[in-house]
Amino acid sequence: QLQASGGGLVQPGGSLRLSCAAPGRTFINFHGAWFRQAPGKEREFVAAINRNGVGTIRYADSVKGRFTISKENAKNTVYLQMNSLKPEDTGVYYCAITQILWSYVDEARRYTTWGQGTLVTVSS
């Protein structure tokens, strides 16, 4: 239902921009979020943006100051700009949308609409 793209191989310190499109959805009604899953680890929260877009945004401590989430309602798309990438950022990145209370946006188990995942590999 969601179409994620933009992953790839990048050297430490490099940048990538992920996109997540939701055809047929009225994005203004949904919060958008990114999660990631490293090999052998559980899926973890990365960032979320409130349905209003320029309002409330939340980041995991591990990505604050390096990643930026944004939302373009007219295109039904959520973005994740990732700068200063580190090897520990490696994993499959998943986008998700939800209408749950904002207080719970960092809880993966509360989401029911996910993208297929896009692989990000940070390595020299």
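1. A word on the pairing of strand 7 (residues 67-72)
Here strand 7 shows one buried face, formed by Phe 67, Ile 69 and Lys 71, and one open face, formed by Thr 68, Ser 70 and Glu 72. As paired elements, strand 7 and strand 8 (residues 77-82) share six bridges and run antiparallel to each other. By the bridge assignment, Ser 70 is partnered in strand 8 with Tyr 79.

2. Quick notes on the state of the cysteines
Disulfide: a covalent bond formed between the sulfur atoms of two cysteine residues. Overall, the coordinates contain one disulfide when judged by the stated rule. Each sulfur of the disulfide joining Cys 20 and Cys 95 lies 2.1 Å from the other. Across the S-S bond of Cys 20 and Cys 95 the torsion is about 65 degrees, and the bridge reads as right-handed. One end of the pair, Cys 20, is in strand 3 (residues 16-21); the other, Cys 95, is in strand 9 (residues 91-98), and 75 residues separate them in sequence.

3. Comments concerning the nonpolar core
When a protein is soluble and globular, its nonpolar side chains tend to lie buried together. Ranked by internal contacts, the top residues of the largest apolar core, which has 34 residues, are Trp 34, Val 46, Phe 67, Leu 80, Met 82 and Tyr 93. Where this core is concerned, the elements lending two or more residues are strand 3, strand 4 (31-37), strand 5 (44-49), strand 7, strand 8, strand 9 and strand 11 (118-122). Take this core: its biggest share by element is five residues, from strand 5. Among residues more than four places away in sequence, those in contact with Met 82 are Gly 14, Ser 15, Leu 16, Leu 18, Arg 66, Phe 67, Tyr 93 and Val 120.

4. Observations regarding the pattern of salt bridges
Going through the model one piece at a time under the given rule, you end up with seven salt bridges. A salt bridge links Arg 58 to Asp 106, with the shortest nitrogen-to-oxygen separation between them at 3.9 Å. Pair noted here: Arg 58 is in strand 6 (residues 57-59) and Asp 106 is in the loop between strand 9 and strand 10 (113-114), with a separation of 48 residues, a long-range link. For Arg 58, a relative accessible area of 25% translates into the label partly exposed. Taking relative accessible area as the criterion, Asp 106 reaches 35% and is therefore assigned partly exposed. A salt bridge links Glu 107 to Arg 109; its shortest N-O distance comes to 3.2 Å. On the basis of relative accessible area, Glu 107 is assigned to the partly exposed category, the value being 23%. Bridged by salt links that share partners, the residues Arg 36, Glu 44, Arg 66 and Asp 89 form one connected network.

5. Side note on the sheet that holds strand 8
Spatially, four strands are ordered 1-3-8-7 in an open sheet, and the strand pairing comes out antiparallel. Edge positions in the sheet fall to strand 1 (3-5) and strand 7, since each of these pairs with one other strand and no more. Neighbour-to-neighbour, the strand axes of this sheet turn through a mean angle of 15 degrees, independent of strand direction. Looking at chain direction, strand 1 and strand 3 are connected through three bridges and run antiparallel. For Gln 3, the partnering residue across the bridge sits in strand 3 and is Ala 21.

6. Some remarks on the side chain of Thr 113
Considering the arrangement of structural elements, one finds Thr 113 in strand 10. Leaving out residues up to four positions away in the same chain, Thr 113 has contacts with Gln 1, Leu 2, Arg 25, Cys 95, Ala 96 and Ile 97.

So, how was this worked out
Every chain is numbered on its own, with residues counted from 1 as its sequence reads. With pLDDT at 70 or above as the cut-off, local features in this predicted model cover only qualifying residues; side-chain atom pairs require 80 or more to be listed or tallied, and sums for whole chains, interfaces and linings still use all residues. Remark: hydrogens and water are excluded; side-chain values derive from all non-hydrogen atoms of the structure. Relative accessible area decides the class of each residue, using a 1.4 Å probe on protein chains only: under 20% of the type maximum gives buried, over 50% gives exposed, and in between gives partly exposed. Put simply, DSSP marks the helices as runs of H or I at least four residues long and the strands as runs of E at least two long, and each gets a number from the N terminus on. If DSSP finds at least two bridges between two strands, the strands pair. Pairs of cysteine sulfur atoms within 2.5 Å are what we label disulfides. We call a set of buried residues a nonpolar core when its members are Ala, Val, Leu, Ile, Met, Phe, Trp, Tyr or Cys and they connect through side-chain atoms within 4.5 Å of each other. Any two residues having at least one pair of non-hydrogen atoms within 4.5 Å are treated as being in contact. Throughout this description, the term salt bridge denotes a Lys or Arg side-chain nitrogen within 4 Å of a carboxyl oxygen of Asp or Glu. Axis definition: a line fitted to C-alpha atoms, over the contacting stretch in the case of helices. Angles run 0 to 180 degrees between N-to-C directions.

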